[in-house]
Structures are given as C-alpha cells and as structure tokens.
Amino acid sequence: MIELKNVVAEYTTKRGRMNAVDGISLIIPDGVIVGIAGESGCGKSTLMKVLYGDLGFPLQLATGSVDYGFTNDQGKPVTDTNIQREWFRKISIIPQSSMSSLNPVIRIREQFTDFPAASRNKKATLAKAREFIQRIGLPPESLDAYPHQLSGGMRQRIMVALATFLEPEIILADEPTTALDVVVQKEILLLLLDLQEKMKNTIIFVSHDMGVHYQLTHRMLIMYAGKAVEYAPTEEVFSEPLHPYTMLLTSALPTIGDDRAREGLPGRPPSLWDPPKGCRFAPRCPLATQLCRNEEPALVEVRPGHLSACHHIDKIPGLRAELSRKPTLDEMDATRLIAQAQKDLQLEHEGDRAPDGADTAAEPAVVGLLPDGEPISTDRGQR
Amino acid sequence: MTTVLRTEALRKVYRLGSFASRVTINAIDDVNLEIESDEPVIVSLVGESGSGKTTLAKTILRLIEPTSGQAWVHDQVVTGKGALGRLDFMKMVQPIFQNPFEAFSRYRTVDTYLQETAMKIAGHSAAKARDAVDEALSSVGLEYADVVGKYPNQFSGGELQRASIARALIPRPRLIVADEPVSMIDASRRMIVINLFKALKEQYRTSFLYITHDLATAYYISDYIAVMNKGRIVEFGAAREVLESPQHDYTKLLLESIPTLTKKWDRPEHIVPERAS
C-alpha cells in the first residue's frame, strides 16, 4: 500500500514558488488500478512525478512524504528519498509520448537491455524479451526495428512491454493512450488490464477521459487546482458522486444515446500563484456559500471508502436532480439554444476577466508538450 | 430542397517514392456525398487518423487540389473543374482550424485579421467593417476591446478559438468547415463551444462541416454523419440513425471502441496468451 502524507510539491520559477500539488494525503491499496482525473493544470502530472520520485529542479517536495509499503534490497522501507533506486524493478512509468521516450537511434531490442535494472546477461534478457512481446501480441521481429519503423500503437505496446517487463509492484501511466485512435486505445487498455490481473501490480493511471477511467480503474482520485476533492470507488464516482465538481465534470460529457442538453463548466480553475482562501472550487460552484469562500473543506470519509472535500454534501442530491431535469436536444429550440450559449459565454468572459487576469491563470487552456513532457505554456511572458 | 454540400467522384492521390519504387496513396478515394436540406445543417465527418477526413476537408476548403472530381456548395462549384473565383469562394466557405495559435500569425494582432476579413472578403466599407466585426464578436461572447491590439499569445486557448470562429462568421458564409475545433480545449469547457456551434447555426443560418474523431460530440451536435475509413465514406446518414443502429462493420468497430460511461467493455480472453510451457 502506498501512503501519501500531506504531499506538497512546489515549482521554483522566476515569479516565485508555486504549489502544483498542495497537501494531498492518500492511501492507495495494493493491486488496484487508481485513476487520477481533473482539468489540465490541476496537478495530476505533477503528482505522478512525485510518485515516480522524479524530483529535481524546478520541482521539489516542499513537505510531506510518500511511503511505498515495501522494502528494498537492504531491508529498508522505500520512501520518496530512495525510490529512484527501484526504477523499473519495483516502479515503472508508461509515458504519454512513445516517440519521444524511446531512443530513436538504437533498436528496440537494445532498449530492453539498456536500462540499469536490466540483467547483465544480455542473451537471457533478449530471449525473455522476445517471448514477452509475443505474449502481448507483437511480432518478434519488432525487436529488431527502430522506433520510427513501428506504428504509434505498436510503439505504445513496446512502452507497455518495457514498463511491465520486470513485473514491478507499481506502474504509473500518464495519459498512455491520448495520442492514439480509439480502436488502438481499446487494445492497449485491455492489454494493460490483462497484465494487471496476471501480475497483480498497482497501476496509477492519469487520464482526462472519464470514459477511460470508467472502463479501466477500480478507484478514482478527482483533483482540482492542486487539491484532492474526491477519492472513491470508480462505480460510485459515476453513480453517486459526493462533490459538485465531479458531478459537473461527468455531466458535461455527451453520450451516444443520451439526448439531454449538456452544459460546459464555464470559468477556469483559480490561479495557483494566489489560490482563494476557502474551497478552490467555490468561484465556479453552484452550491457555494459564504462558508465555502472562507473555510477550506477537508477531505473526509463520508461513506466507507468514499472521501470527499465539500461543505455541502447534503445538497448534492438536489443538484443531481436538477441536472437530470435538463431539457433534451429536441426541446432546445433556436431561441433557447442561443440564450444558453450566450449565458455560458458571459460566464466564460467573466472568468477571462477575473481580477487576477488571464496572464496569471494557473495554466492556459491550450498546452503542447515539449519532448520531455513539460507543458509548453502558450500564455504570455511565462517562459 | 437545396443542396448544401455535394461531391462527385472526388479523389486525391498522392504519389510517393521514386520512379522505380512508386507508391500511390488514395487519400480520398471516390467520395460521393450529397446533403440536401432547406434548413442549415451540421454534418460530422468522423474517422480515425489517416482515414482521409482532413484531406477531404482541405479539398473542400481548396487548400488541396483534387486529382479528379468536383465539389459543390449550394450549387456552386467550389473545387475542381469550373470552380468559383477565389473571392466568391471565400464568401461562401470559411474555415476554423484545430489550433488557433497556428491559424493566426503570432506577429500580427488578431483584430487586423477581423478587419481584413470584413473589408476584403465580405466587401464592407471601412466604416461598416467595424459593425460587422462587432456583431460577429458579440455572437461568440467577445467584445472589440478584448481583441484590439492583442497578439495571439495574449489570449487563452478558448478565447482565441472563439475569435477565430468570429472571423469565419464575418462574411456570413453558407458553409463553415471546422477541423477538430475543440480537441485542444479542456473537456469541461468543450461543451461551451459545441453549444455555440449549434446556436450559430440557427443565428447565422450557416451549415457546418464538423471534422472530428470524437463520436460522442458528433452525436450531440450533428444532423448528419459521414464515417470515413481508408479514404472512402463507408456510412452516411442521419446522425442518430448511424450511431444508434450502425450498419457498416467499421462504424460498429468504432462505436465499440469508445470508452463509454454506460457499459464496460467485453473482455476477450486471448489478449495475453498463457506462457507456453
């Protein structure tokens, strides 16, 4: 079991320090798939970096600790300070972009023997790799290929193979299928599910796609502006969420066969440079009161295994009933459509003109990725 | 009935390689579409990457010259033999691109684009152009003061995408071709732009060709859906019919692959065969 105690991860920048993950305490049981969801800039990728122990300027763990619940070769407990020595053996990562994670100038087979945790016996490792990639549905010849000779789906399979090769206890997956088409995505996710069932490892899975979470994960952590707002079994997150953010996030998604009109969630997360003092979701929350704006709600266990950080959990069934009464698409005539769009745009506009201004927003809505996975800020003057 | 969009034997062939090892790729292969409606419609073009949906969009936008065939918008030839003049074409068909930061030059302010579209394409006088710009901006929830003198990098992604929608609206085109217009916007705010398209269709009586790989938003927004695979349109019909009772195997495969919130995937048993002993 992985135990996070009050983890605060901060980035040091020219403007000062900013807490991308701000006080998360969490227990992740062994052998489950945990999904992390939230908007871009909510700190989900930073939390992954902390879990992987990939700390180094500008990211550092300001306070808190991570206890992985197993011991290393010397019999010492593994924590955030020595997890780096367990990379690949006990903990591995499946990154988003396979193209920029595989070494482009060496063949796939060399990548299997290239990492420090690999056995010295190259021949035995290669024989094992050859067998292993056949098990996950790749032709053995793909070991002799260079990364660019494989399709995106095959490369991502190779990444899954590399991450699971040494049967680690923990696998971190940061949006591993975002760049893939739905058909290939399904193959990769089913493969991951199967491998997890056989190896019984813990998978921590970041995705912005709620559908992927529903299909794959056992528990879900919903993050908002660096905070954990809900942590619950996946079924319950979708059937009876206990946080208004979770509820609005899931109800904003169109579904085939469901004709209810959907609304986006206007506005944007607060600036992490100057977070509001109360609940961080309060400015966008339909249930917010003065209490929410003044006092931060703690993440507490509302039902067994279901944690939520909200002052108004009692009002959530009411909000849900209201959302389910939304008119269907057929009932939305032209005037109603236009009125609805104008109302949302008005709220968006206010969000963009918030007192702290667009230039201090936590993260712009559009981000690209540098080859090393760092987001490229498209905001002015931040780089 | 008016014909909103029609293509006839539209084809684009790419030739790669040298003389000896020539490879030809049919990026779009004999596409025949006919959409008839008196009301403006939203037509979704869905498919995986490499299916040719962007090539088809670019052909209709005249960014790619087709190898053969023609396309009509409201009975005017927009591409192929005997096509409309460039200016008339731009009055009729306007684009919205995936990434607004690439669509606008970073060395020009956004308001110059709007002004230029109003004067050169829509043909307004300098005095009237400002009104046209104002009107288009207000229908996407922006004000002139928000865009004047600002460079693209001074906008947030959602705001700039809305400015690019406003620009496309200025000439009051009959058809707007939107290539993955929301894929770079956060999921929680995507529906705002999707709902905006539906509202603009009514407000401006403009039809949309919405190109996407996301079948759920396609279902939500569109009147008609065309499913593309390997350069061909494999299924076309009313949106709900196609997605609720798909006929073609490829459409079924696509639908089965979407991670839905309603039903968990069936788990085939043979993904990881047991280790041979």
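Criteria and cut-off values
- Residues numbered from 1 in each chain as written.
- Chains lettered and ligands numbered in written order.
- Predicted model: local features only at pLDDT ≥ 70, side-chain atom pairs only at ≥ 80, totals over all residues.
- Helix = DSSP H or I, 4+ residues; strand = E, 2+ residues; numbered from the N terminus.
- Rg over C-alpha atoms; globule rule 2.2 N^0.38 Å.
- Contact = placed C-beta atoms within 7 Å.
- Buried ≥ 20, exposed ≤ 12 C-beta atoms within 10 Å, placed from the backbone.
- Nonpolar A, V, L, I, M, F, W, Y, C, P; charged D, E, K, R; others polar.
- Pairing = 2+ DSSP bridges.
- Axes fitted to C-alpha atoms, helices over the stretch in contact; angles between N-to-C directions.
- Core = buried A, V, L, I, M, F, W, Y, C linked by C-beta atoms within 7 Å.
- Parallel < 35°, antiparallel > 145°, perpendicular 65-115°, else oblique.
- Left-handed = near helix turned anticlockwise from the far one by under 90°.
- pLDDT = per-residue confidence, 0-100.

Chemist: Sorry if this is basic, but what is going on with the overall build of chain A here?
Modeler: Across its full length, chain A carries eleven helices and 14 strands. Over its C-alpha trace chain A gives a radius of gyration of 22 Å, about what one expects of a compact globule, namely 21 Å for 383 residues. With respect to the principal axes defined by its C-alpha atoms, chain A has extents near 70 × 45 × 45 Å. The contacts of chain A with a sequence gap of at least 6 include a subset with a gap of at least 24, amounting to 62%.

Chemist: In this structure, what is going on with the overall build of chain B? I would like to understand it.
Modeler: Regarding its fold elements, chain B presents eleven helices and ten strands. Sorting the 277 residues of chain B into buried and exposed places 49% on the buried side.

Chemist: Help me out: how do you make sense of the interface of chain A and chain B in this one?
Modeler: How big an interface is tends to be expressed through the accessible area that disappears when the partners come together. The interface of chain A with chain B comprises 54 residues on the first partner and 49 residues on the second. Elements with a contribution of two residues or more to the side of chain A that touches chain B: helix H5 (182-199), helix H6 (210-216) and helix H11 (334-352) of chain A. Among the elements that make up the side of chain A that touches chain B, the one with the highest residue count is H11 of chain A (twelve residues). For the side of chain A that touches chain B, a count of residues per class yields 27 nonpolar, 14 polar and 13 charged.

Chemist: Hey, could you run me through the sheet that holds strand S8 (residues 202-206) of chain A in this one?
Modeler: Strand pairing within a sheet occurs via backbone hydrogen bonds; the two strands may be parallel or antiparallel. All names here are of chain A. With mixed pairing, the eight strands of this open sheet are ordered in space as S6-S7-S8-S3-S9-S10-S12-S11. With one partner strand each, in any of the chains shown, strand S6 (91-94) and strand S11 (300-303) form the two edges of the open sheet. Taking each pair of neighbouring strands and ignoring which way they run, the sheet shows an average axis angle of 25 degrees. Where strand S9 (residues 219-224) lies against strand S10 (residues 227-233), six bridges are found, and the strand directions are antiparallel. The residue bridging Met 220 from the neighbouring strand is Ala 232, located in S10.

Chemist: Which parts of the structure should I look at to understand the environment of Leu 175 of chain B?
Modeler: Residues and elements named next belong to chain B. Checked against the element boundaries, Leu 175 lands in strand S7 (residues 175-179). On the basis of neighbour count, Leu 175 is assigned to the buried category, with 23 C-beta atoms found within 10 Å. Separated by 170 residues in the primary sequence, Leu 175 and Leu 5 have C-alpha atoms spaced 8.5 Å apart. With near-sequence residues (within four places) excluded, Leu 175 lies in contact with Leu 5, Val 73, Met 92, Val 93, Ser 207 and Leu 209.

Chemist: I tried to follow the nonpolar core on my own but got confused; where do I start?
Modeler: What tends to happen in soluble globular proteins is that the nonpolar side chains get buried as a cluster. Residues and elements named next belong to chain B. Counting residues in hydrophobic clusters, the biggest one holds 173 residues, and the most contacted among them are Val 43 and Leu 209. Broken down by element, this core gets its largest block of residues, eight residues, from helix H8 (residues 187-204). What Leu 209 contacts, discounting residues up to four positions off in sequence, is Leu 5, Val 43, Leu 45, Ala 57, Ile 60, Leu 175, Val 177 and Ala 178.

Chemist: What exactly am I supposed to notice about the packing of helix H8 (residues 244-251) of chain A against helix H10 (residues 316-324) of chain A here?
Modeler: All names here are of chain A. At a minimum axis distance of 10 Å, the contact between H8 and H10 shows a crossing angle of 15 degrees. Our classification of the angle between H8 and H10 gives roughly parallel. With respect to the hand of their crossing, H8 and H10 are arranged in right-handed fashion. Across the interface between the two elements, Pro 244, Met 247 and Ser 251 from H8 touch Ile 316, Leu 319, Arg 320 and Leu 323 from H10. Partitioning the contact of H8 with H10 into residue classes produces five nonpolar, one polar and one charged.

Chemist: How do you make sense of the sheet that holds S7 of chain B when you look at a structure like this?
Modeler: All names here are of chain B. An order of S6-S7-S8-S3-S9-S10 is seen for the six strands of this open sheet, with the pairing classed as mixed. Either end of the sheet is taken by a strand with one partner, and the two such strands are strand S6 (93-96) and strand S10 (232-238). Strand-to-strand, the axes of this sheet are offset by a mean angle of 20 degrees, without reference to chain direction. Of the strand pairs in this sheet, S7 and strand S8 (residues 207-212) are connected by five bridges, and their pairing is parallel.

Chemist: So what exactly am I meant to see when it comes to the confidence of the model for chain A here?
Modeler: Reading fine detail from the predicted coordinates is not recommended where pLDDT is low. Predicted confidence across chain A gives a mean pLDDT of 85, with 91% of residues reaching 70 or more. Scored below 50 in pLDDT, residues 355-383 of chain A shows 58 contacts in the model against residues more than four places distant or in partner chains.

Chemist: Even after reading the chapter, I still don't get the pairing of strand S4 (residues 68-73) of chain B, so can you show me in this structure?
Modeler: Residue and element names in this part refer to chain B. Looking at chain direction, strand S1 (residues 3-16) and S4 are connected through five bridges and run antiparallel. Directly across from Arg 11, in S4, lies its bridge partner Ser 68. Note: S4 against strand S5 (residues 76-79), three bridges, orientation antiparallel. Looking across to S5, one finds that Trp 72 is bridged to Val 77. Counting the residues between successive antiparallel strands, the hairpin from S4 to S5 contains two residues, one of them, His 74, with a positive phi of roughly 45 degrees.

Chemist: Which parts of the structure should I look at to understand the packing of helix H4 (residues 152-164) of chain A against H5 of chain A?
Modeler: Each pair of packed helices gets described by two things: the angle between the helix axes and the distance between those axes. Residue and element names in this part refer to chain A. Contact geometry of H4 with H5 gives a least axis separation of 10 Å together with a crossing angle of 15 degrees. As far as their axial angle goes, H5 and H4 are roughly parallel. Helix-helix and strand crossings are classified by hand; for H4 and H5 the assignment is right-handed. Mapping the contact onto sequence places Gly 153, Gln 156, Arg 157, Val 160 and Thr 164 in H4 and Val 184, Glu 187, Ile 188, Leu 191, Leu 192, Leu 195 and Met 199 in H5. Tallied by class, residues from the contact of H4 with H5 come to seven nonpolar, three polar and two charged.

Chemist: I'm lost on the environment of Gly 141 of chain B in this one. Help?
Modeler: Residue and element names in this part refer to chain B. Among the structural elements, Gly 141 can be located in the loop between helix H5 (126-139) and helix H6 (144-147). A residue is classified by how many C-beta atoms lie within 10 Å of it, and Gly 141, with 25 of them, is buried. With 13 residues separating them in the primary sequence, Gly 141 and Lys 128 have C-alpha atoms 20 Å apart.

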